[in-house]
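Breakdown of the fold
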Amino acid sequence: MQKINADLLITNEGAPLTNAGITVDRNGRVLEIGQAFADADVQAEVVIPGFVNAHTHLELSHMAGLITEREDGMTGFISQLLSKRFVVDEKERLAAMVRADEAMYSDGIVAAGDISNGVESASVKSKSRIYYHTFVELPGLDPDRAERIVAEGLVTAYQFREAYNLPASLSPHAPYSMSDALLQELFSKVNYDEPVTIHVNESPDEVVFCEKGEGPMFDFFSKAGFIKEDFQPFRVRPLERVLRWLPRSNKCQLVHNVMATNAEILTAVQSHPQLFWCICFNANQYITGIVPPVYDLFMAQAEITIGTDSLASNHQLSILSELKAIHAMFPGIPFSEEVRWSSLNGARFLGLDHLCGSIKAGMKPGLLSLKNINPAQPSFGADVRVERLC
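To start, this report covers the structure provided alongside it. (Residues numbered from 1 in each chain as written. Predicted model: local features only at pLDDT ≥ 70, side-chain atom pairs only at ≥ 80, totals over all residues. Heavy atoms only, no water.)

Quick notes on the side chain of S61
- In this fold, S61 is placed in the loop between strand 5 (51-56) and helix 1 (73-84).
- When sequence neighbours within four positions are dropped, the list of residues in contact with S61 reads A96, M97, A100 and L311. (Helix = DSSP H or I, 4+ residues; strand = E, 2+ residues; numbered from the N terminus. Contact = heavy atoms within 4.5 Å.)

If you want it as structure tokens, here you go:
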């Protein structure tokens, strides 16, 4: 048993506690929360629950530093990703995933929603100390291939579940990369209790492609053979197209959202009962330099989660780094809200809030000690560091 004192304890179960004491067993399970101990094993300034990385791509970890930042926006990023994705062999790709997984664990991440296009990451996840929910991502603009794409995705998800005992489910890629036929076929196969995640409103290129069927993304897709000559634009903004398809019975996460207008946010929050909005701040800066509408989402009382995206679009898979970047741009957001976004909301989206995301007796949330922080006026300033306590 370990006794931990915290000058400030954020439990996500009510008001922050001061001069609190927590006991945990050797497995990190919280036994009791009360007043500070006279004989504590650890004295911490601020203690918070473990981080949940709501959106990442572990299988792209070998691409760290391979893609030039802000080169031709989202379309340029896609072009570079496709051309450089397999420049190293499987052994190096797996080694990079192991390094990334270990770095995330050291950074205080206890669970992650991970995007996969195949089963290559499964062996790493099966040995990890992080809980992973794998989203098998399905892109495809050719309506004639919709049934085949979904069938192949179901096989991949089955392999994660049966061969590696890892939770996995199907998920759409993005409004710019999927035909109506594929969206219909995919959602006919999604169970009501499975979370759904989708990239949306990530760039101006996406908006122009969806609304008008033109622009850099259209030109690139045409040249690459991703769309047929008779392709018709969707004639709607990306989020409007997504909301037509997202099932109301499922927890659904919108990832990136940099092009979302305040009117769109308000409409979506009111119309979908289980919608989460994932902010990947540093990835947005890497790809387009556009700042996501964090304050608009906060004011709309949207359920915000925090993700890192991949090492193809970020310098690190660190939730703490994401929180620092958000705080630097939006210093008025309350500290307790940012903690909630980075832990409980991600756990709720993934269906893990009975295990992690908050600190209370019986749970194993992972306890994080924040250092170089003022417990009386806490914030995710540039000098804050994180240390895992359990």
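From this point on, the discussion continues.
Digging into the pattern of salt bridges
- Under the defined criterion, the tally for this structure stands at 15 salt bridges.
- A salt bridge links E240 to R244, with the shortest nitrogen-to-oxygen separation between them at 3.4 Å. Of the two residues, E240 and R244 are both situated in helix 8 (residues 238-245); the distance of four residues between them amounts to about one turn of the helix.
- Overlapping salt bridges bring together D142, D144 and K228 as one network. (Salt bridge = Lys/Arg side-chain N within 4 Å of Asp/Glu carboxyl O.)

Quick word on unusual backbone geometry
- Phi is positive for N12, which is not a glycine, with a value near 65°.
- If you trace the backbone, N12 turns up in the loop between strand 1 (2-9) and strand 2 (17-24).
- The residue N19 is not glycine, and still its phi comes out positive at about 50°.
- The class for N19 is partly exposed, based on a relative accessible area of 47%. (Buried < 20%, exposed > 50% of the residue type's maximum accessible area, 1.4 Å probe, protein only.)

Focus: the packing of helix 4 (residues 146-164) against helix 5 (residues 180-187)
- The contact between helix 4 and helix 5 brings their axes to 8 Å, and the two run at 40°. In terms of their interaxial angle, helix 4 and helix 5 are classed as oblique. Every pair of crossing elements has a handedness; the one defined by helix 4 and helix 5 is right-handed. Contacts between helix 4 and helix 5 involve A146, E147, I149 and V150 from the former and A181, L182, E185 and L186 from the latter.
- A class-by-class count of the residues in the contact of helix 4 with helix 5 yields six nonpolar, no polar and two charged. (Axes fitted to C-alpha atoms, helices over the stretch in contact; angles between N-to-C directions. Parallel < 35°, antiparallel > 145°, perpendicular 65-115°, else oblique. Left-handed = near helix turned anticlockwise from the far one by under 90°. Nonpolar A, V, L, I, M, F, W, Y, C, P; charged D, E, K, R; others polar.)

Some points on the environment of P204
- By the element assignment, P204 lies in helix 6 (residues 204-212).
- A sequence separation of 55 residues divides P204 from M259, and the C-alpha atoms of the two residues are 7.0 Å apart.
- Filtering out sequence-adjacent residues up to four positions away, P204 remains in contact with M259 and I290.

Side note on the pairing of strand 2
- Of the strand pairs in this sheet, strand 1 and strand 2 are connected by seven bridges, and their pairing is antiparallel. Bridging across to strand 2, L8 finds its partner in T18.
- Across five bridges, strand 2 lies against strand 3 (residues 30-35) in antiparallel orientation. Residue pairing in the sheet places A20 in a bridge with Q35 of strand 3.
- What sits between the antiparallel neighbours strand 2 and strand 3 is a turn of five residues, in which G28 has the positive phi angle 85°. (Pairing = 2+ DSSP bridges.)

Details of the state of the cysteines
- Counted under the stated rule, the structure contains zero disulfides.
- Left without a disulfide partner, C278 is nearest to the cysteine sulfur of C280, which lies 4.0 Å away. (Disulfide = S-S within 2.5 Å.)

Focus on the sheet that holds strand 8 (residues 168-172)
- A sheet is described by the order of its strands in space; here four strands give the open sequence 5-6-7-8, paired in parallel fashion. Edge positions in the open sheet fall to strand 5 and strand 8, since each of these has one partner strand only. If you compare each strand with its neighbour and ignore which way they point, the axes differ by 20° on average.
- Pairing between strand 6 (residues 109-116) and strand 7 (residues 131-138): six bridges, direction parallel. Across the sheet, D114 pairs through a bridge with T134, a residue of strand 7.
- Across the sheet, helix 4 lies against strand 6, strand 7 and strand 8, angled at about 165° from strand 7, the strand it touches most.

Details of the sheet that holds strand 13 (residues 367-371)
- Taken in spatial order, the six strands line up as 3-2-1-4-13-14 in an open sheet, and their pairing is mixed. Every other strand in the sheet has two partners, leaving strand 3 and strand 14 (385-388) as the edge strands with one partner each. The mean inter-strand angle of the sheet, taken between neighbouring strand axes irrespective of direction, is 45°.
- Here five bridges tie strand 1 to strand 4 (residues 42-49), and the two strands are oriented parallel to one another. In the sheet register, I4 faces strand 4, and the bridge partner there is V42.

What to know about the pairing of strand 4
- Bridge count for strand 4 against strand 13 is four bridges, and the pairing is antiparallel. Looking at the pairing, P49 lines up with L367 of strand 13.

Re the nonpolar core
- Residues F51, L246, L254, W277 and L370 are the most contacted members of the largest nonpolar core, which totals 72 residues.
- Residues contacting L254, with those up to four places away along its chain left out, are I198, V200, L239, V242, L246, L275, F276, W277 and C278. (Core = buried A, V, L, I, M, F, W, Y, C linked by side-chain atoms within 4.5 Å.)

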